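A closer look at the structure
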Amino acid sequence: MSARTNLREAVAGYRAASNSLHEASSRQSRWGLDWMNFFIADVQTGFGTYVAFYLARNGWSEGSTGLALTVGGLAGVLSQIPGGALCDVLTWKRGLVAIGIIAIGAAALILALSHSFAPILCAEVLHGVTAGIITPAIGAISLGLVGRRAMSLRTGRNYRFAAGGHAVTAVLMGLAGAYYWPGAMFLAAATLCVPALISLSFIRPNEIDYARARNAAINQQAKNVGRVLDLAKNRPLVLFAAAITLFQLADASTLPLIGENIARAGQGSVSISLLVIVPQIVVATISPWIGYHSEKRGRRQLLLIGFALEPVRAGLLASTTELPFLIIAQVLSGVTGAVIGVLMIVVIADLTVGSGRFNLAQGIIGAMSGLAASASTVSTGYFFQGFGSWTGFLVIAVIATAATALIWAFLSETKPPGPDEIVDETAHAVAERNI
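All values derive from a computational prediction rather than experimental measurement.

1. Considering the overall build of the protein chain
- When its secondary structure is counted, the protein chain shows 20 helices and zero strands.
- Counting only residues that meet the buried cut, the protein chain has 57% of its 435 residues in that class.
- Of the contacts made within the protein chain by residues no fewer than 6 positions apart, 85% connect residues no fewer than 24 positions apart.
- A total accessible area of about 17,500 Å² is found for the protein chain, and carbon and sulfur atoms account for 67% of it.

Below is the structure:
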């Protein structure tokens, strides 16, 4: 069979799978979710990279910058679990997202208008809290709109639009900082919150199925959802959470550290924007294919690829600071980000199906990841200051290797077997036996 035939069949298969997204919700709701992901992309990239660059330009030390980022990260950690629990209980999921978008805009305005210590910490706290609200709510809305059968592709599509939004946000923030004043970067981000709210309004609330959005069994009432302790007894979920936590410990501080190095080398905001844009282009390109192939071939092999590329990236960053090699490292980051970003939601859905605790599980793993990210930013800031970049990136590579080994040794395939497992009723029955 020729390569052209293989490509044609792959494209046809992807289109057929993509069409399944159209069965559970209207075009208006799907497009509203698409463009909401696009315009709130700044909450995903966080202001972390730009805050680090902004504060370094204003004379903050590496330690102080790491402390500011850590405060925001801790706020995100503390909000993740209650945010996930709220998404399991409340039907007004669009309202949760709206609150988060408004909080992002307020944080951006504070950052734009001040660079003194107290306002920056307040902005970081406000921005951090949005992670606990928006992230699980988007997962819940997606699952509620399309169901388990199309969740892999829907998640890939979410990440495609979010990555496109990341790239646009990076361009706007970079140009604003270069041609106006550094605080204008955050005014550009705040402006994007307006179309995000407009896009959110296009999602029809009556199309977000309440039970499906919690990954609950059919007709399961809120008071009958699985106990929180059941999540702790779910061994594959615990192992997956541990691997994600180690990965975040290695990955979270990498780009902010690059941003600080670029600022201290005298390069402008356009350079850091380029390094932010490159992985987002990769994510936007391959995320839907990650979702498609995770349904066709399974999750585990793709997860191993995504995790294994992180120590390679850290080793490359340890060996050079030249811009072309930094761009290569960011291409690797894009592949890793697409794989782990898409499959984290999908694997959590696999492992919690029928429990009604999908969003709480998202919150718990998000909290663990956020705690690791906060520890990463503050510890690596001081570690790099004391021991240098080369040693610091090698330590990051070792941690990333440990995360990869955990996935390889202990986590088996999570995709339910057989072609018909994607029907909701069957999936719920399987889950109730396994959890």
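What follows continues from the structure just given.
2. Comments concerning the nonpolar core
- Within the largest apolar cluster, 41 residues are counted, with the highest numbers of intra-cluster contacts made by Tyr 50, Leu 55, Ile 120, Met 173, Met 185 and Phe 186.
- No other element matches helix H4 (residues 48-57), which puts six residues into this core.
- Ile 244, Phe 247, Val 346 and Ala 403 belong to the second largest nonpolar core, which has 37 residues in total.

3. So, the pattern of salt bridges
- Across all of its chains, the model carries seven salt bridges by this definition.
- The salt bridge involving Glu 207 is made with Arg 204; its shortest N-O contact spans 3.5 Å.
- A relative accessible area of 14% means that Glu 207 is categorised as buried.
- On the basis of relative accessibility, which here comes to 33%, the residue Arg 204 falls in the partly exposed class.
- Residue Glu 310 pairs with Arg 313 through a salt bridge whose shortest N-O separation is 3.5 Å. Taken together, the residues span about one helical turn, with Glu 310 and Arg 313 both in helix H16 (residues 300-319) at a distance of three residues. Here Glu 310 and Arg 313 have matching classes, each one buried.
- A network of salt bridges, in which partner residues are shared, links Asp 34, Arg 154 and Arg 157.

4. So, the confidence of the model for the protein chain
- Considering every residue of the protein chain, the mean pLDDT works out to 79; 80% of them sit at 70 or more.
- Ranking the helices and strands of the protein chain by mean pLDDT puts helix H10 (residues 193-201) first, with 94, and helix H20 (residues 424-434) last, with 36.
- Low pLDDT (under 50) marks residues 419-435, which in the prediction has 28 contacts with non-local residues, meaning those over four places away or in another chain.

5. A closer look at H16
- In a regular helix each residue adds 1.5 Å, so 20 residues correspond to 28 Å; H16 covers 30 Å between its end C-alpha atoms and thus fits that length.
- Of the positions making up H16, those classed as buried are Leu 302, Leu 303, Leu 304, Gly 306, Phe 307, Glu 310, Pro 311, Arg 313, Ala 314, Leu 316, Leu 317 and Ala 318.

6. Regarding the packing of helix H2 (residues 27-39) against H10
- Closest axis-to-axis distance for the H2/H10 pair is 8 Å, and the angle between their directions is 160°. The angle between the axes of H2 and H10 places the two elements in the roughly antiparallel class. H2 and H10 meet at a crossing whose hand is left-handed. Taken together, the residues of H10 that come into contact with H2 (itself represented by Gly 32, Trp 35, Met 36 and Phe 39) are Pro 195, Ala 196, Ser 199 and Leu 200.

7. Brief notes about the side chain of Asn 37
- Summarising the element assignment, Asn 37 is placed in helix H2.
- In terms of polar contacts, Asn 37 uses its side chain to reach the side chain of Asn 158, at 3.2 Å.
- Residue contacts for Asn 37: discarding those within four places in its chain leaves Ile 138, Asn 158, Phe 161 and Ala 162.

8. Remarks on helix H7 (residues 117-146)
- With 30 residues, H7 should cover 44 Å at 1.5 Å per step; its first-to-last C-alpha distance of 44 Å lies within 8% of that length.
- For H7, the principal kink sits at Ala 131 and spans about 25°.
- When you tally the buried positions in H7, you get 21 out of 30 residues, the bulk of the element.

9. Comments concerning the packing of aromatic side chains
- Here the structure, examined in full by the defined rule, presents six aromatic pairs.
- Seen in terms of ring centroids, Trp 35 and Phe 161 are 5.3 Å apart; in terms of plane orientation they differ by 80°. Their pairing is edge-to-face. With Trp 35 in helix H2 and Phe 161 in helix H8 (residues 151-179), this residue pair connects regions lying 126 residues apart in the sequence.
- Of the residues examined, Phe 161 reaches a relative accessible area of 15% and is grouped as buried.
- In textbook terms, an aromatic cluster arises when at least three aromatic residues are bridged by ring pairs, as seen for Trp 35, Phe 38, Phe 39 and Phe 161.

10. Comments concerning a nonpolar patch on the surface
- On the surface, a nonpolar cluster with roughly 750 Å² of combined accessible area is contributed by Leu 109, Val 171, Leu 175, Tyr 179, Tyr 180, Trp 181 and Leu 187.
- Tallying contributions element by element places H8 first for the nonpolar patch, with three residues.
- Position of Val 171 relative to the elements: it lies in helix H8.

11. Details of the packing of H8 against helix H17 (residues 323-352)
- Running from N to C, H8 and H17 cross one another at 145°; their axes reach a closest spacing of 9 Å. The two elements H8 and H17 cross, and the hand of that crossing is right-handed. Residues Met 151, Ser 152, Thr 155, Gly 156 and Tyr 159 of H8 lie in contact with H17, whose contacting residues are Gly 341, Val 342, Ile 345 and Val 346.

Parameters at a glance
Residues numbered from 1 in each chain as written. Predicted model: local features only at pLDDT ≥ 70, side-chain atom pairs only at ≥ 80, totals over all residues. Heavy atoms only, no water. Helix = DSSP H or I, 4+ residues; strand = E, 2+ residues; numbered from the N terminus. Buried < 20%, exposed > 50% of the residue type's maximum accessible area, 1.4 Å probe, protein only. Contact = heavy atoms within 4.5 Å. Areas by Shrake-Rupley, 256 points an atom, 1.4 Å probe, with all protein chains shown as cover. Core = buried A, V, L, I, M, F, W, Y, C linked by side-chain atoms within 4.5 Å. Salt bridge = Lys/Arg side-chain N within 4 Å of Asp/Glu carboxyl O. pLDDT = per-residue confidence, 0-100. Expected span 1.5 Å × (residues − 1). Axes fitted to C-alpha atoms, helices over the stretch in contact; angles between N-to-C directions. Parallel < 35°, antiparallel > 145°, perpendicular 65-115°, else oblique. Left-handed = near helix turned anticlockwise from the far one by under 90°. Polar contact = N/O pair within 3.5 Å; in protein donor to acceptor, adjacent residues only side chain to side chain. Bend = angle between axes of the 7 residues up to and from the residue. Phe/Tyr/Trp six-rings, centres within 6.5 Å; stacked < 30°, edge-to-face > 60°. Patch = residues over 30% accessible without salt bridge, like charges linked within 9 Å, V, L, I, M, F, W, Y side chains within 5 Å.

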